Amino acid sequence: MAYIHAELFSQIETLKAEWRLLDALKLVNSILITDPENHDALLHVADIQYRSWEIEKAEKAVDFMIHQKNDDAMSLYVKWILSMEKTQRSEAIEYLKKAVTLTKFENPEVIRAFWLAHYWYWNREKWIDFLEQAREMAKHDAEIIVNLCQVYTLEQLQKSAVKMIKYFDKNKDKLEYYDTPVDQYIRKMELYRTFWNLH
């Protein structure tokens, strides 16, 4: 499995974060010209096309990866995302199940996705356990913290929801936000703060 040099990887990530998607795609394609099966480059292609809302093009890159290696967890995870966008839920869930099994429940993002699937489509009894497990592995992942706060609020678990809100407020400068603007998370947490009368 081929990877991308750290410096080049960083350049691509920067271009994507700045929404210079065509420039990012050109850079990724320059890698694929000499290494057409480069796993990281193909994942970048799928991500860039997904951000551009080119679902079919994104899926072509992922399908190629799965054809090359059908036990790659990240390819299956991305295939789950794309299948869900196409509302192919039954098919999507099978990709997610396989990704979770392959990661042995050790990837917090895949576990978070598995939790969401359980919450909305399967057995709601397990969803908090999955999400809390994901948080144990990625304590500074803002997405997981906000998701936890959301479900605690939906289930009327006030003590747990308030604890998450306070944790977010105390650690927001240390949290990992990835590609989502920080303000988006702050606005979401403000809604939960209002709901629980924490002003």
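Here the structure is shown first, and the text comes after it.
Residues numbered from 1 in each chain as written. Predicted model: local features only at pLDDT ≥ 70, side-chain atom pairs only at ≥ 80, totals over all residues. Heavy atoms only, no water.

A. Main features of the packing of helix H10 (residues 158–171) against helix H11 (residues 182–195). With their axes 10 Å apart at the nearest point, H10 and H11 run at an angle of 145° to one another. For the pair H10 and H11, the crossing hand works out as left-handed. Where H10 abuts H11, its residues Met164, Ile165, Phe168 and Asp169 lie against Tyr185, Ile186, Met189, Tyr192 and Arg193. Tallied by class, the residues present in the contact of H10 with H11 amount to seven nonpolar, no polar and two charged. (Axes fitted to C-alpha atoms, helices over the stretch in contact; angles between N-to-C directions. Helix = DSSP H or I, 4+ residues; strand = E, 2+ residues; numbered from the N terminus. Left-handed = near helix turned anticlockwise from the far one by under 90°. Contact = heavy atoms within 4.5 Å. Nonpolar A, V, L, I, M, F, W, Y, C, P; charged D, E, K, R; others polar.)

B. Highlighting the nonpolar core. Core analysis: the largest hydrophobic core is formed by 63 residues, its most contacted members being Tyr77, Trp80 and Leu96. When residues in this core are grouped by element, the largest group, eight residues, is from helix H9 (residues 142–154). The residues contacting tryptophan 80, other than those within four sequence positions of it, are Ala92, Ile93, Tyr95, Leu96 and Ala113. (Core = buried A, V, L, I, M, F, W, Y, C linked by side-chain atoms within 4.5 Å. Buried < 20%, exposed > 50% of the residue type's maximum accessible area, 1.4 Å probe, protein only.)

C. How the structure looks around the side chain of aspartate 72. Looking at the secondary structure, you find aspartate 72 in the loop between helix H4 (55–68) and helix H5 (73–85). Comment: no salt bridge for buried aspartate 72; closest opposite-charge side chain is lysine 69, at 5.0 Å. (Lys, Arg positive; Asp, Glu negative; His and termini not counted. Salt bridge = Lys/Arg side-chain N within 4 Å of Asp/Glu carboxyl O.)

D. Focus on H11. A rise of 1.5 Å per residue sets the reference length of H11, with its 14 residues, at 20 Å; its end C-alpha atoms lie 20 Å apart and thus fit the reference within 8%. Against the buried residues of H11 lie H9 and H10. Within two residues after H11, asparagine 197 carries a phi angle of roughly 55°, on the positive side. (Expected span 1.5 Å × (residues − 1).)

E. Structural view of the pattern of salt bridges. In total, this model carries 14 salt bridges according to the counting rule given. Of the charged contacts, one joins aspartate 47 and arginine 51 as a salt bridge, the two residues approaching to 3.1 Å between their closest N and O atoms. In this pair, aspartate 47 and arginine 51 both sit in helix H3 (residues 39–51), four residues apart, roughly one turn of the helix. Residue classification places aspartate 47 among the partly exposed positions, given a relative accessible area of 22%. Take arginine 51: its relative accessible area is 18%, and that puts it in the buried class. Each of the salt bridges in this network shares a partner with another, and the network as a whole consists of Glu56, Glu59, Asp63, Lys79 and Lys86.

F. Representation of helix H2 (residues 21–34). With 14 residues, H2 should cover 20 Å at 1.5 Å per step; its first-to-last C-alpha distance of 21 Å lies within 8% of that length. Among all positions of H2, only Leu21, Ala24, Leu25, Leu27, Val28, Ile31 and Leu32 are buried. Buried residues along H2 cover an arc of 160° about the axis, so they all sit on one side. Facing away from the buried side of H2 by more than 90 degrees, the exposed set consists of Leu22, Lys26, Ile33 and Thr34. At its buried positions, H2 is contacted by helix H1 (6–17) and H3. (Arc of directions from axis to C-beta.)

G. Quick peek at the environment of lysine 174. Locating lysine 174 in the fold gives a position in the loop between H10 and H11. For the pair formed by lysine 174 and isoleucine 111, sequence separation is 63 residues and the distance between their alpha carbons is 22 Å.

H. Broad picture of unusual backbone geometry. One non-glycine residue, tryptophan 19, adopts positive backbone phi at about 60°. Its place among the elements puts tryptophan 19 in the loop between H1 and H2. Positive phi, normally seen in glycine, also occurs at asparagine 197, with a value near 55°. Mapping asparagine 197 onto the fold places it in the segment after H11.

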